[in-house]
There are 2 protein chains.
Amino acid sequence: MKTRIGIVGYGNLGKAVEQTVLSNPKLRLVAIFSRRLVKSKFNTKIEQYDNFLDYKNKIDIMILCGSSKNDLELQTPELLEFFDVINSFDTHSKILSEYKKLDKLANLKKHRALICTGWDPGLFSVIRTMFLAIGKNNPVTFWGKGVSMGHSDAIRKLPFVDDGVQFTIPIQNAMLNAKNQIDDKALPKHERVCFVCADGKYHKSIESKIKSIPNYFKGQPVKVNFVSAEKVIKLKQNMSHRGVVFETFKSVNGFKCNFEFKLSTKSNPELTASIMCTYINAILNLKNLKLCGCFTPIDIPASFLFEKTKYPFLLKTIC
Amino acid sequence: MKTRIGIVGYGNLGKAVEQTVLSNPKLRLVAIFSRRLVKSKFNTKIEQYDNFLDYKNKIDIMILCGSSKNDLELQTPELLEFFDVINSFDTHSKILSEYKKLDKLANLKKHRALICTGWDPGLFSVIRTMFLAIGKNNPVTFWGKGVSMGHSDAIRKLPFVDDGVQFTIPIQNAMLNAKNQIDDKALPKHERVCFVCADGKYHKSIESKIKSIPNYFKGQPVKVNFVSAEKVIKLKQNMSHRGVVFETFKSVNGFKCNFEFKLSTKSNPELTASIMCTYINAILNLKNLKLCGCFTPIDIPASFLFEKTKYPFLLKTIC
C-alpha cells in the first residue's frame, strides 16, 4: 500500500518535493494544488487549491510548500481538518502559537500536523535541543553564506526597487568567539550583502531605506550593491546555503567539551524537500500508534524517520 | 519531589556520574553500589552491590556505570526487575539482542531501561539515524584521537605485558575521502598507536601478538611503542577524546549536500556522565506517559530530554 501524497504550492520547494516524492517507490503523488495556472514537467495532475475537498479520502498526507508568511498560517489549519499535513513553517517567533492552534484542531479532527520540518527550524532545532539538554549552555547558530528569502522579499517590497536578492554571510570572528565561548555582544554574527536593481536616481534613498528596515537590517552590518537586472537574476539562481550550530560547555570538573553540527547544500529547496519527505515516515509511525496532534521535529524520535520494520536494522547497524 | 538516584559501579564513569548528580538540585543521590570496598570523597553512602534489594522503593533510577563486557549484561536485567535503569552499554554488535531481552523484562516488570546513552553509541546513534534517514547514504564515523578502553584491555591481557594503553587516531586522508564520498576500501580509517610496558626480552613477541589480535588490531595499521611504567600511567591520565560523523549525499537533481557532526571532550567519562544524566528526564517523561520497555536514544524525542514544563520554552526559544 503506497502512501498517497498531495503537494500544496508549486514554487521552488513544491517542485523539489514533487521530484523527491516521485523518486520514492513507497509513495504515490496524487495531485499538486496551486492557486496559479501551472504545469508539471512530470505530468503530475494539477488542481486548483480550492478543490482540495474533492481529495478527502484520496490523499493521506498533504505536504505544504507555500511561504510561512502568506500561505502556511491559513492553509495548514484549513487542510488539517481533512488530511495529515507536513509543513516547513519557519517563522521562529510564531512556532509556539502555531503549535497550540494546530494541536487543538488536530486532536479534534483526529489528524497529525508535523510542522517546521526544514533544516532550520527542523533539523537544527533537534540539534539545538540535544545540545542545550546535555551542555546546559545556549547553543549558537550561524547561517550562510546563502540567500535569505525573507530579507530578499523585504528589499523587493521597497518602492522603486525592480529586483533584489540578499546573501547572509557569517562573520568569521563571531564564529571563532562562539566556538571559544567568548561572549562579545558588540560583534554582530552576520553580514547582510544585498544586490539591488533600480533606477540610478533612487540608489541613495533605497540604500538608506534598506539599512533602516527594522528586524531585518537595522543595526546590522549591511552592504548594498546596485547591479543590473541580469546580474540579480543570475545571483538568484544560486540555491546553495549552509549553517552551523555550536555548543561549548564545561563538564562537572571544568573540562571543556565542544559540539559542532554543520550542513551545506548546493540546493536549499532540494535539501528542505528531502527533509520534509523524511518526515512522512514519522506521520505513518504516529498514525500506527493512534497518536494525533501537532508535532515538531523535537517531538519525533530518530527511529520514527524509518518504517517500523527497519528498527532491528537500525539497532544492529546504525546505533 | 526530587528524583532518587542510585549509581552502580565506582570507576571513572561512576565518579563522574556522582558529581554530575550532586550538581543537579532536582536529583537526590541515595547510594553508590560497588563490589569493591570504596570510599566517596563526597560522603555519598556506599553499599555492597548485593544489597540493592534493600533499596526497592527508595531509589527511582539506577545509573549503571560498569563495563559493557563484564558488568552491564548481568546487572542491567538484575536491577531492571526493581528499578528504572540507565546504562551506556557500548558493544555495538550486541545492542539488538540486549534490547530484545530487556524490552521483554521491562514490560513484564513495568519498568524502563534506557540503554546505550553515551556519546557512541548514544548521541552519535541519533545523529547517524537522522543522517541516513535524510541522506540515504551510510554515514561514516571516525573516532579519536583518544584512548580506546577495549583495545587497551586487549593489550593488557597479553602474557608478560605489565601495563598498556591504546590511542585510536583517525587517518586524515580517510576522513577527506569520507567527506568527498570517495570509497577507498583499501585505505584504513584509523591508526592504532599502543604504548606498552614490558620486560625487554618479550618486546618482539608482544608486538607481533598485538598485531595479530583479531577484530581489535589484525589487518589494521598498528604502531607499538615500548615505554616505562610511569609513561603508561601518565598517558592513561589523558581522558580527552573526540569523534565525527559525516553524511555526504546528493539531493534529487544531483546537488551535493554535506552533514557533519563533531564532538570533542577533555574528559571522556565526564561527557558520558553528562549525557547519561540528561536521559533521567527521558525516563521521567516516559513514566508520566505510563510507557514501559527498553529504549535507546534513537527512541527518545529531543524534547523528552527536558521536563515537560519546559516545552513552551523550547518551542519559543530553541526551535
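Preceding block: the structure.
Worth saying up front: this structure is predicted, and the values here are computed from it rather than measured.

Rules used throughout
Residues numbered from 1 in each chain as written. Chains lettered and ligands numbered in written order. Predicted model: local features only at pLDDT ≥ 70, side-chain atom pairs only at ≥ 80, totals over all residues. Heavy atoms only, no water. Phe/Tyr/Trp six-rings, centres within 6.5 Å; stacked < 30°, edge-to-face > 60°. Buried < 20%, exposed > 50% of the residue type's maximum accessible area, 1.4 Å probe, protein only. Helix = DSSP H or I, 4+ residues; strand = E, 2+ residues; numbered from the N terminus. Patch = residues over 30% accessible without salt bridge, like charges linked within 9 Å, V, L, I, M, F, W, Y side chains within 5 Å. Areas by Shrake-Rupley, 256 points an atom, 1.4 Å probe, with all protein chains shown as cover. Salt bridge = Lys/Arg side-chain N within 4 Å of Asp/Glu carboxyl O. Lys, Arg positive; Asp, Glu negative; His and termini not counted. Charge placed at Lys NZ, Arg CZ, Asp CG, Glu CD. Core = buried A, V, L, I, M, F, W, Y, C linked by side-chain atoms within 4.5 Å. Contact = heavy atoms within 4.5 Å. Least-squares fit on C-alpha atoms with pLDDT ≥ 70 in both. Polar contact = N/O pair within 3.5 Å; in protein donor to acceptor, adjacent residues only side chain to side chain.

Caption draft 1: View of the packing of aromatic side chains. Residue and element names in this part refer to chain A. With the rule as written, the count across this model stands at 26 aromatic pairs over all chains. Taking the centre distance of 5.3 Å and the plane angle of 50° together, the rings of Tyr49 and Phe52 count as tilted. The residues Tyr49 and Phe52 share a single accessibility class, namely buried. Aromatic pair Phe52 and Phe82: ring centres 6.2 Å apart, planes at 45°, arrangement tilted. Taken together, the residues span a long stretch of sequence, with Phe52 in the loop between strand S3 (46–48) and strand S4 (61–64) and Phe82 in the loop between helix H2 (68–80) and strand S5 (84–87) at a distance of 30 residues.

Caption draft 2: View of a positive patch on the surface. Together, Arg242 and Lys266 of chain A together with Lys250 and Lys256 of chain B make up a region of like positive charge exposed at the surface. Residue position: Lys256 of chain B is located in strand S13 (residues 256–265).

Caption draft 3: Seen up close, the nonpolar core. Core analysis: the largest hydrophobic core is formed by 160 residues, its most contacted members being Val17, Met62 and Ile63 of chain A together with Val17, Met62 and Ile63 of chain B. Setting aside residues up to four positions removed in sequence, Val17 of chain B forms contacts with Ile7, Ile63, Cys65, Ala273, Met276 and Cys277 of chain B.

Caption draft 4: Highlighting the relation of the copies chain B and chain A. Overlay of chain B on chain A (RMSD 0.0 Å): rotation 180°, translation along the axis 0.0 Å. Here the two chains are linked by the operation of a two-fold rotation axis.

Caption draft 5: Representation of the interface of chain B and chain A within the structure. Counting residues at the interface gives 63 residues for chain B, matched by 63 residues for chain A. There are 0 salt bridges connecting chain B and chain A. Scanning the region where chain B abuts chain A turns up 30 residue pairs in polar contact (both at pLDDT 80 or more). Going through the elements one at a time, helix H1 (12–22), helix H3 (95–109), helix H4 (123–135), S13, helix H9 (268–288) and helix H10 (311–318) of chain B are the ones with two or more residues in the side of chain B that touches chain A.

Caption draft 6: Structural detail: the pattern of salt bridges. Residue and element names in this part refer to chain A. Taken as a whole and assessed by the stated rule, the structure comprises 28 salt bridges over all chains. For Asp163, the salt bridge goes to Lys236, with nearest N and O atoms at 3.0 Å. Separated by 73 residues along the polypeptide, Asp163 in strand S9 (residues 161–170) and Lys236 in helix H8 (residues 229–236) bring together distant segments of the chain. Looking at Asp163, the relative accessible area reads 14%, which means it is buried. One salt bridge connects Lys211 with Glu207, and the closest N-O pair in it is separated by 2.9 Å. Of this pair, Lys211 and Glu207 are both found in helix H7 (residues 203–211), 4 residues apart, which corresponds to roughly one turn of the helix. With relative accessibility at 35%, the residue Lys211 sits in the partly exposed group. The exposure class of Glu207 is partly exposed, given its relative accessible area of 26%. Because the salt bridges share partners, they merge into one network encompassing Lys179, Glu260 and Lys262.

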